[in-house]
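Each chain, written out:
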Amino acid sequence: MHRLYENDDLVVFWNSDKCFHAKRCVHGSPGTFNPGKKPWIDLRHAESKEIWQAISECPSGALSCIYRHEIDVVMDEEGGRSVAFDGDKEIGECDFEANEDVWNIYHTGVSSDYQGKGIAKRLVYKVLEAAEKKCMNIEASCSYGRKVLDS
């Protein structure tokens, strides 16, 4: 399972397939990480520095984070894509084709001025999260989408 959690400052990625429950995140920021709650990650209860530090202690790599850079990523399921915006300016997208039980990610791209900020990963995670919530299988013919799925 892939999940994306955001606040005004940070974006946290969680890949449950990699998690082996060492609980270093829970000990590092108990207000943020609470396995007894749903959702189990809530970014409202700690400072960004504390959250970042707790995630840096994750031994499995199941948790990672980046700065949000005031970029919004939204899901456009009807349009078959997730889209990144800097204000009103569209700066990236992750396109997928929805079949009966499979969503195939076939393209991910971010404007050159915005590359290297983790936006492509946010775009792919947004699609993965939406597909998983609908119990759809995921595949990727896009090389970047495949890289995220395999990591």
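We now turn to the structure provided with this report.

### Some thoughts on the pattern of salt bridges
Phase 1 of the analysis: Per the counting criterion, the structure on display carries 11 salt bridges.
Phase 2 of the analysis: Close ionic contact of Glu-6 with Arg-68 constitutes a salt bridge, the shortest N to O distance being 3.7 Å. Of this pair, Glu-6 sits in strand 1 (residues 2-6) while Arg-68 sits in the loop between strand 3 (63-67) and strand 4 (72-76); the two residues are 62 residues apart in sequence, bridging distant segments of the chain.
Phase 3 of the analysis: Classification of Arg-68 as buried rests on a relative accessible area of 12%.
Phase 4 of the analysis: With its nearest N and O atoms 2.6 Å apart, the salt bridge here joins Arg-44 to Asp-42.
Phase 5 of the analysis: Through salt bridges that share partners, Glu-6, Arg-68, Asp-72, Arg-122 and Lys-126 make up one connected network.

### Focus: the packing of aromatic side chains
Phase 1 of the analysis: A full pass over the atoms with the stated rule returns 5 aromatic pairs.
Phase 2 of the analysis: Centroid distance Phe-13 to Tyr-125: 4.9 Å. Interplanar angle 65°. Geometry classified as edge-to-face. Placement of the pair is Phe-13 in strand 2 (residues 10-15) and Tyr-125 in helix 3 (residues 119-133), with a sequence separation of 112 residues. A single burial state applies to Phe-13 and to Tyr-125, both of which are buried.
Phase 3 of the analysis: Taking the centre distance of 5.6 Å and the plane angle of 50° together, the rings of Phe-33 and Trp-40 count as tilted.
Phase 4 of the analysis: Taken together, Trp-14, Phe-33 and Trp-40 form an aromatic cluster joined through their ring pairs.

Rules and cut-offs
Residues numbered from 1 in each chain as written. Predicted model: local features only at pLDDT ≥ 70, side-chain atom pairs only at ≥ 80, totals over all residues. Heavy atoms only, no water. Salt bridge = Lys/Arg side-chain N within 4 Å of Asp/Glu carboxyl O. Helix = DSSP H or I, 4+ residues; strand = E, 2+ residues; numbered from the N terminus. Buried < 20%, exposed > 50% of the residue type's maximum accessible area, 1.4 Å probe, protein only. Phe/Tyr/Trp six-rings, centres within 6.5 Å; stacked < 30°, edge-to-face > 60°.

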